[in-house]
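As a plain string of letters, each chain reads:
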Amino acid sequence: LVMEHKYEQVKCMIIGSGPAGYTAAIYAARADLKPVLYTGLTTGGQLTQTTDVENYPGYPDGIMGTDMMENFRKQAVRFGTDIRNGIITEVDFSAIPYKVTTDDNVTVLCDSVIISTGATAKWLGLESEQKYSGGGVSACATCDGFFFKGQDVAIVGAGDTAAEEATHLAKLCRKVYMLVRKGELKASRAMVHKINATPNIEILYNTETKEILGNDLVVTGVSLFNNLTNATKVLDISGFFVAIGHHPNTEVFKKWINMDREGYIQTVPGSTRTNIPGVFCCGDAQDRIYRQAVTAAGSGCMAALDCERFLLGIVQKESI
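Attention in this report is confined to the structure presented alongside it. (Residues numbered from 1 in each chain as written. Predicted model: local features only at pLDDT ≥ 70, side-chain atom pairs only at ≥ 80, totals over all residues. Heavy atoms only, no water.)

**Thoughts on the overall build of the protein**
Per the secondary structure count, the protein includes seven helices and 19 strands. Principal-axis analysis of the C-alpha atoms places the extent of the protein at approximately 70 × 45 × 40 Å. By the burial criterion, 49% of the 320 residues in the protein qualify as buried. When the accessible surface of the protein is summed, it comes to about 16200 Å², and 51% of that surface belongs to carbon and sulfur atoms. (Helix = DSSP H or I, 4+ residues; strand = E, 2+ residues; numbered from the N terminus. Buried < 20%, exposed > 50% of the residue type's maximum accessible area, 1.4 Å probe, protein only. Areas by Shrake-Rupley, 256 points an atom, 1.4 Å probe, with all protein chains shown as cover.)

**Quick notes on the state of the cysteines**
As enumerated under the stated definition, the model contains one disulfide in all. Lacking any disulfide linkage, Cys 173 is separated from the closest cysteine sulfur, that of Cys 140, by 13 Å. Cys 307 takes part in no disulfide bond, and the closest cysteine sulfur to it belongs to Cys 12, at a distance of 4.0 Å. A relative accessible area of 0% places Cys 307 in the buried class. (Disulfide = S-S within 2.5 Å.)

**Brief notes about the packing of aromatic side chains**
Aromatic ring pairs are described here by two measures, namely the spacing of the ring centres and the angle between the planes. According to the stated counting rule, one finds seven aromatic pairs in the structure shown. Taking 5.3 Å as the distance between ring centres and 70 degrees as the angle between the ring planes, the aromatic pair formed by Phe 93 and Tyr 98 counts as edge-to-face. A relative accessible area of 3% means that Tyr 98 is categorised as buried. Here Phe 146 and Phe 147 contribute two aromatic rings whose centre-to-centre distance is 6.5 Å and whose plane-to-plane angle is 75 degrees, an arrangement assigned as edge-to-face. A relative accessible area of 47% means that Phe 146 is categorised as partly exposed. Within the aromatic cluster, the residues linked to one another by ring pairs are Tyr 56, Tyr 59 and Phe 72. Over the aromatic face of Phe 79 sits the side chain of Arg 30, whose NZ or CZ is 5.1 Å from the ring centroid. (Phe/Tyr/Trp six-rings, centres within 6.5 Å; stacked < 30°, edge-to-face > 60°. Lys NZ or Arg CZ within 6 Å of the ring centre and 35° of its normal.)

**Quick look at the sheet that holds strand 13 (residues 201-204)**
The sheet built from five strands is open, its strands ordered 10-17-11-12-13 with parallel pairing. Two strands close off the open sheet at either side, each with one partner strand: strand 10 (137-138) and strand 13. In this structure, strand 10 lies alongside strand 17 (residues 239-242), joined through two bridges in parallel fashion. Along strand 17, the bridge assignment pairs Val 137 with Phe 240. (Pairing = 2+ DSSP bridges.)

**Examining helix 2 (residues 65-78)**
Taking 1.5 Å per residue as the helical rise, helix 2 with its 14 residues ought to reach 20 Å, and the 20 Å between its terminal C-alpha atoms agrees with that figure. For helix 2, the complete set of buried residues consists of Gly 65, Met 68, Met 69, Phe 72 and Ala 76. When helix 2 is viewed along its axis, its buried side chains cluster within an angular range of 95 degrees and face the same direction. Taken together, the buried residues of helix 2 touch helix 1 (19-30), strand 3 (52-53), strand 4 (63-64) and strand 5 (82-84). (Expected span 1.5 Å × (residues − 1). Arc of directions from axis to C-beta. Contact = heavy atoms within 4.5 Å.)

**Topic: the pairing of strand 8 (residues 106-115)**
Summarising burial for strand 8: nine of the ten residues are buried, a large majority. For strand 7 (residues 98-102) and strand 8, the ladder comprises four bridges, and the chain directions are antiparallel. Note on strand 8: the bridge partner recorded for Val 100 is Val 108. Between the antiparallel neighbours strand 7 and strand 8 lie three residues, among them Asn 105 with a positive phi of about 65 degrees. Pairing of strand 8 with strand 19 (residues 279-281) involves three bridges; the strand directions are parallel.

Rendered as structure tokens:
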């Protein structure tokens, strides 16, 4: 049975529904670009996987991640964004209008596209990781470290990001155990010096996580395995941070868009423009450094403004 292919045309297509995508939608809708937004696999993005958000401006008492993203969604809808559940399975950026195909076999012809597909944290793959997500397990020390003030925590990772997050946690926590699978850190020499100079960070080399332990609600410890000596031990901790990298959700654009070797989309400095005219990128799909809700939202605003100017440029050219 062959499904019938349907076509429609839109001015502005937004792919992804985190802080970047929804902010782009709010600005694009207010500019009368009549945006159509496809939510992607996780409606609301990474923030829906977290609990309290305390570092987003305007919420003095904090807000649940799911509630914040629902507020973003409602605001985008209020100004006329057409929000659709679904994922994009294929794109053709060879000529305007660009072709974007959805998982229900609809091809949308787009005058412009804003990519805000985000990035997904890499996990160890333990069942207990997901069980205690939001109950002591986190992939963002900058976001969640504050909740573990004065407590003992562990962080998995050996690169610069893990080292940076460990030093951030060390300012807040009583003790930080850095769990490193191999016999050395992969971080830069400067970061290694910083780690070694921080008295409340203890590096456990040749160490792998067997299981995260808890009381069915929150983390209470972690079971470890030394791959050199085969010894096992349990650490009493209340926070477990994973810092082994992120996957940008950009695979579908690889044929067309310039990316770095890890798949982060490259934008023209000071803008959200990609190498394809009329295709813009914002949020964590292009930001490997900051990865915060507030920076994602800011770049979503930039993408909508860049998109509006691009579409105005087309109109001006056509009217000459």
